[in-house]
Amino acid sequence: MANSGGQWRPYPLWGGRGDWCNEEVVGVHAYVDAIRATLGSDFDPSGSTVRRTLELIPEPDNPHDRYAVSVRASNYLIGYLARERAILFHNRLMDLINRGLIPTVPASIRAYDQNRWDDRPGVPLDLAINIDVQLSEPHLILPGNEPPSVPYTMLPHGYSVQVTKVDDHFDVLRHFVEPEGELELLVTLHEIDVSTAKTEKKVVEVRVEDHRIGQLTPQTSAKFLPAVRHLQSRGLVTVGRGWFKGSSVSAQVSLMAAKAHELPDDFLTGDPRTVIPLNRARRTPVADGLSVASAETTASSTFVIELVTSQPLTPWQQKEALKLLRSAASAVGESINEPMVTDSTIRAVVLHEHAEMIANAIAGIEDSDFSLANEYRTSVAHR
């Protein structure tokens, strides 16, 4: 196995759950010496289970089976996937190899020494071995989309929670429908304000490829918002694993990510946890169907407004400001630039020619004077 493009990089396959290893490795007794070396000092001859990370390497030149997938430990052969299973994974694993990536999986190696023929002292010992790897179904071993292009970190895996209001965004989710009816996605989490005149309410909005696809309930949002805010203060977007189930007419999305109180300190303060990009084409249109070229042309005529308020905005003022900014953003035509409003900061991307007007309108909202804001709304409505 050679890589002319540079160093190999391990690529942990997706789809696993916890420590459960479900796929048996076959042919292990032909590779006892390599397995003993893999067990190392963790091995107890009376019987032990050792956890390791193993590589899955397709062997298109294998003379016995061109769809063979070998299981290796530090590139030492220790077994194979069963033939009927290997053929299902071969092409997907080969695609990773062609990108200079080594598919890896968690493994459980159970082994103990036993007498080869009977229990008499002095009889040569044999190694009883059972190796299982953690392997999902073939269509779930890779995320269905690429990671964000902005700085981010990925939440650890956690118990599944439902994403609501998904049906409102089926125009986006229909791009992810697969023949198998399911897919894992990289989703981003964002704080939005859904306050009313009577209640203050912040929730987590869920997006995929910069498109809104739903939100968490207020109760569930409260369990994620501290992490989203903390990571945002570090300049990081929060990413989680989304479980997507869909057909041509309907879809469901769940978020499988650890909640704020479950996150260890090394996650909150350490280096971002990221996913290796595979540079695949995005599934959804850029900027509501605009081509990349036209989106870049539009972006060149936009202006970023960032304001810090002199006094905290009330929930009602925040709601009115967000309405105004969303109207301004819709004139730009870029769904990737969702306005942000908190009680003290405001950020939005607007058309350059509207920048001064919208800034004045926001200042008017802070002073509870909506004359400029109404004027701006009218000007947008008649564009």
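Residues numbered from 1 in each chain as written. Predicted model: local features only at pLDDT ≥ 70, side-chain atom pairs only at ≥ 80, totals over all residues. Heavy atoms only, no water.

(A) Expanded view of the overall build of the protein. Of the regular secondary structure elements, the protein holds nine helices and 17 strands. A burial count over the protein gives 48% of its 383 residues as buried. Once local pairs closer than 6 in sequence are excluded, the contacts in the protein between residues at least 24 apart make up 72%. Working note: accessible area of the protein is about 19,500 Å², and carbon and sulfur atoms make up 50% of it. (Helix = DSSP H or I, 4+ residues; strand = E, 2+ residues; numbered from the N terminus. Buried < 20%, exposed > 50% of the residue type's maximum accessible area, 1.4 Å probe, protein only. Contact = heavy atoms within 4.5 Å. Areas by Shrake-Rupley, 256 points an atom, 1.4 Å probe, with all protein chains shown as cover.)

(B) Just the sheet that holds strand E17 (residues 345-351), in detail. The three strands lie next to each other as E15-E17-E16, forming an open sheet whose pairing is antiparallel. Unpaired on one side and paired on the other, strand E15 (302-308) and strand E16 (340-341) mark the two borders of the sheet. Two strands pair when backbone bridges link them, and E16 and E17 are joined in this way by two bridges, in the antiparallel orientation. Bridging across to E17, Met340 finds its partner in Arg347. (Pairing = 2+ DSSP bridges.)

(C) Here's a closer look at the packing of aromatic side chains. Under the defined criterion, the tally for this structure stands at zero aromatic pairs. Looking at Arg241, its charged tip hangs above the ring of Trp14, at a distance of 4.5 Å from the centre. (Phe/Tyr/Trp six-rings, centres within 6.5 Å; stacked < 30°, edge-to-face > 60°. Lys NZ or Arg CZ within 6 Å of the ring centre and 35° of its normal.)

(D) Geometry of the side chain of Glu146. Along the polypeptide, Glu146 turns up in the loop between strand E7 (125-133) and strand E8 (152-154). One polar contact links the side chain of Glu146 to the main-chain amide nitrogen of Asn279, over a distance of 2.6 Å. Once residues within four sequence positions are removed from consideration, Glu146 is found in contact with Leu186, Pro277, Leu278, Asn279 and Arg280. (Polar contact = N/O pair within 3.5 Å; in protein donor to acceptor, adjacent residues only side chain to side chain.)

(E) How the structure looks around the pattern of salt bridges. For the structure on display, the rule yields 18 salt bridges. Glu59 serves as the salt-bridge partner of Arg72, at 2.9 Å between the closest nitrogen and oxygen. Residue Arg72 is located in strand E4 (residues 68-73), and its partner Glu59 is located in strand E3 (residues 48-59); the two are separated by 13 residues in the primary sequence. Accessibility assignment for this pair places Arg72 and Glu59 in one class, buried. Residue Asp95 pairs with Arg99 through a salt bridge whose shortest N-O separation is 3.1 Å. Judged by relative accessible area, which is 32%, Asp95 ranks as partly exposed. (Salt bridge = Lys/Arg side-chain N within 4 Å of Asp/Glu carboxyl O.)

(F) Inspection of the confidence of the model for the protein at higher detail. Confidence along the protein averages 84 in pLDDT terms, with 83% of residues attaining 70 or more. Every residue in residues 287-300 scores below 50 in pLDDT, and together they form 16 contacts with partners more than four places removed in sequence or on other chains. Segment residues 367-383 is flagged for pLDDT under 50; beyond a separation of four residues in sequence, or across chains, it makes 22 contacts in the model. (pLDDT = per-residue confidence, 0-100.)

(G) Region of interest: unusual backbone geometry. Located in the positive-phi region is Lys165, a residue other than glycine, with phi close to 60°. Along the chain, Lys165 turns up in the loop between strand E9 (160-162) and helix H3 (170-173). Look at Lys165 and you get partly exposed, because its relative accessible area is 46%. In the Ramachandran plot, Glu209 falls in the positive-phi region, its phi being about 50° despite a non-glycine side chain. Its location among the elements puts Glu209 in the loop between strand E11 (202-208) and strand E12 (211-215). A relative accessible area of 13% places Glu209 in the buried class.

(H) A look at helix H4 (residues 218-233). Across its 16 residues, H4 extends 21 Å between first and last C-alpha, which sits within 8% of the 22 Å expected from 1.5 Å per residue. Where H4 bends most, the angle comes to about 45°, and this point is Phe224, followed within four residues by the proline Pro226. Just past H4, the residue Gly235 takes up positive phi, approximately 80°. (Expected span 1.5 Å × (residues − 1). Bend = angle between axes of the 7 residues up to and from the residue.)

(I) Here's a closer look at the pairing of E12. The element E12 is largely enclosed, with a buried count of four among its five residues. In this structure, E11 lies alongside E12, joined through four bridges in antiparallel fashion. Pairing of Arg207 across the sheet is with Arg212, part of E12. Hairpin connection between E11 and E12: a loop of two residues separates the two successive antiparallel strands, and Glu209 in this loop has a positive phi of roughly 50°.

(J) The arrangement of the environment of Ser74 in detail. For Ser74, the location among the structural elements is in the loop between E4 and strand E5 (76-81). On a C-alpha basis, the gap between Ser74 and Glu55 in space is 7.5 Å, while along the polypeptide they are 19 residues apart.

(K) Representation of the side chain of Gln215 within the structure. Residue position: Gln215 is located in strand E12. Overall, the relative accessible area of 15% leaves Gln215 in the buried class. Those residues in contact with Gln215 that sit more than four places away from it in its chain are Val163, Thr164, Lys165, Ile192, Val203, Val204, Glu205 and Val206.

(L) The arrangement of helix H1 (residues 32-39) in detail. Within H1, the full set of buried residues consists of Val32, Ala34, Ile35, Thr38 and Leu39. Buried residues of H1 fall within an arc of 160° about the axis and therefore sit on the same side. Along H1, the residues that are exposed and aim more than 90 degrees away from the buried face are Asp33 and Ala37. Backbone geometry just downstream of H1 places Gly40 in the positive-phi region, at approximately 60°. (Arc of directions from axis to C-beta.)

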